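Residues per chain, in single letters:
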Amino acid sequence: MTDATRGFVFHIADNDPARILAATASARNAIAALGDDVQVEILAQGGAVTGASKSAAQAGDLVVALQELPTVKVTLCSLAAKGHGITEDDLVEGARLVPTATAHAVQRQFDGWAYIRA
Amino acid sequence: MTDATRGFVFHIADNDPARILAATASARNAIAALGDDVQVEILAQGGAVTGASKSAAQAGDLVVALQELPTVKVTLCSLAAKGHGITEDDLVEGARLVPTATAHAVQRQFDGWAYIRA
Amino acid sequence: MTDATRGFVFHIADNDPARILAATASARNAIAALGDDVQVEILAQGGAVTGASKSAAQAGDLVVALQELPTVKVTLCSLAAKGHGITEDDLVEGARLVPTATAHAVQRQFDGWAYIRA
């Protein structure tokens, strides 16, 4: 297991497949550079939550992130998911919901994590 | 009074009413999740400063933030305000100017605050 | 020499001349406000790396940042540079490459630096 006390949140709020793809690539590169002891969490808010839905057209990008990068967490804002009609059952395996994306990103930083806006 | 030593800056730089509205909603949700001991500051830069002007079309969003969320600060970059012809008299009640938005956001982080880009 | 232990990363990922220009102006204002003991690093990722290429149309903006603001570092993601066919020889004087932009911004934050998304 990696040390959970350090990592970074990669905040995606736009439903822009190109940006989600770029963020996934950046996460992959950052993991290779930082090593396994740095946790990576892709935090999807707003329209970006649709990228982790099984039925979403661009789901592949986040699915790839989850499958290829076992240390990456994919976390979705539950409020945004609800707004897009996405339930827990719709999520690709490995993705999970947090109550509020912004509060989650703030708490991570209070815990010493870094923050990157995609 | 809340403890001023912890909070987060919500940085808005675009004059995009949809984004300002989303940021206001996110701030509201984050406050509900984090509790009153976490300060929230909406920091408007660039065209976003017009959202806190009495005469701005989309002023309502930031006004709502100020009225409904008493612990939220709304802070405007004085340089951007000047560039948009907004004086201190034009500001909705509760909004205030800081000399430079970027420097302000940096100082907040040096003081232990979190940073979120809207 | 300034104290390298404190500074901020100004993260630019879009090849948007207006945004690069605004970021350069913000960096200039922040430096004036924070003083010389705070390091400023403009970190260009994605299409923004072209702004530090000698041949780029909008190179002037980052060149100005480098020439007018001696304490500003301009750092480019080597992966993005490679993707845009930019080699070390193409860079304006003072710009340098880092292996991975995201990992670099994360490490800076782990070292106590602030982070601003342009």
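Numbering of residues begins from 1 in every chain and follows the order in which that chain's sequence is written. Each chain gets a letter, beginning with A, and each ligand a number, beginning with 1, in the order they are written. A pLDDT threshold of at least 70 governs which residues receive local features in this predicted model, and a stricter bar of 80 or more applies before side-chain atom pairs are shown or counted, although totals over entire chains, interfaces and linings include all residues. With hydrogens and water stripped out, all remaining heavy atoms of the structure feed into the side-chain values.

A.B. asks: Residues and numbers for the interface of chain B and chain C, please.
C.D. replies: On the side of chain C, 17 residues touch chain B, which itself brings 14 residues to the contact. Across the chain B to chain C interface the summed buried area is about 1200 Å²; carbon plus sulfur atoms make up 66%. We count a salt bridge whenever a side-chain nitrogen from Lys or Arg sits within 4 Å of a carboxyl oxygen from Asp or Glu. Summed over the shared surface of chain B and chain C, the number is one salt bridge. The residue R19 of chain C makes a salt bridge to D14 of chain B at a minimum N-O spacing of 3.4 Å. Distance and chemistry together define a polar contact, namely a pair of N or O atoms within 3.5 Å, with one atom able to donate a hydrogen and the other to accept it when in protein, and with adjacent residues in sequence counting only for side-chain atoms on both sides. Put simply, chain B and chain C have six residue pairs in polar contact (both at pLDDT 80 or more) between them. Elements are defined by DSSP. Helices are runs of H or I of four residues or more, strands are runs of E of two residues or more, and each kind is numbered from the N terminus. Looking at the side of chain B that touches chain C, the elements that each hand over two or more residues are helix 4 (101-110) and strand 5 (114-117) of chain B. A per-element tally of the side of chain B that touches chain C places helix 4 of chain B first, with seven residues. Note on residue categories: nonpolar means Ala, Val, Leu, Ile, Met, Phe, Trp, Tyr, Cys or Pro, charged means Asp, Glu, Lys or Arg, and polar means any other residue, Gly included. Of the residues belonging to the side of chain B that touches chain C, the class tally is six nonpolar, six polar and two charged. Any two residues whose heavy atoms approach within 4.5 Å are treated as being in contact. Summed over both partners, buried area is the accessible surface (1.4 Å probe) that two parts give up on being assembled.

A.B. asks: Go over the sheet that holds strand 4 (residues 95-98) of chain A with me, naming the residues and quoting the values.
C.D. replies: All names here are of chain A. Read from one edge to the other, the open sheet built from five strands follows the order 4-3-2-1-5, with strand pairing classed as parallel. The open sheet terminates on both sides in strands that have one partner only, identified here as strand 4 and strand 5 (114-117). Between one strand axis and the next, the sheet turns through 30 degrees on average, direction left out of account. Criterion used throughout: strands pair if DSSP finds at least two bridges between them. Note that strand 3 (residues 72-77) and strand 4 share four bridges and pair parallel. Its bridge partner being in strand 4, C77 is matched across the sheet by V98. Axis angles are defined between N-to-C directions and span 0 to 180 degrees, where every axis is a line fitted to C-alpha atoms and, for a helix, only to the segment in contact. Strands strand 1 (7-12), strand 2 (39-44), strand 3, strand 4 and strand 5 of the sheet are contacted by helix 4 (residues 101-110), whose axis makes an angle of about 160 degrees with strand 2.

A.B. asks: Mind laying out the packing of aromatic side chains, listing which residues take part and the relevant values?
C.D. replies: Planes of paired rings set the category: under 30 degrees apart is stacked, over 60 is edge-to-face and the rest tilted, where pairs are Phe, Tyr or Trp rings (Trp by its six-membered ring) whose centres lie within 6.5 Å. In the structure shown here, the tally under the stated rule is six aromatic pairs over all chains. A ring pair is formed by F8 of chain A and F10 of chain A, whose centres lie 6.1 Å apart and whose planes are at 50 degrees; its orientation type is tilted. Categorising residues by exposure relies on relative accessible area from a 1.4 Å probe, with only protein chains included: less than 20% of the type maximum marks a residue as buried, more than 50% marks it as exposed, and the intermediate range marks it as partly exposed. On the basis of relative accessible area, F8 of chain A is assigned to the buried category, the value being 0%. Among the residues examined, F10 of chain A registers a relative accessible area of 2% and is labelled buried. Ring centres of Y115 of chain A and Y115 of chain B lie 6.0 Å apart, and the angle between their planes is 75 degrees; on these two criteria the pair is classed as edge-to-face. Linking Y115 of chain A in strand 5 with Y115 of chain B in strand 5, this pair reaches from one chain into another. What makes Y115 of chain A buried here is its relative accessible area of 0%. One aromatic cluster in this structure is built from Y115 of chain A, Y115 of chain B together with Y115 of chain C. The aromatic ring of W113 of chain A is capped on one face by R108 of chain A, whose charged end is 4.1 Å from the ring centroid. Note on geometry: a ring has a charge over it if NZ (lysine) or CZ (arginine) is within 6 Å of the ring centre and within 35 degrees of the ring normal.

Bear in mind that shape data such as this cannot, by itself, settle questions of function.
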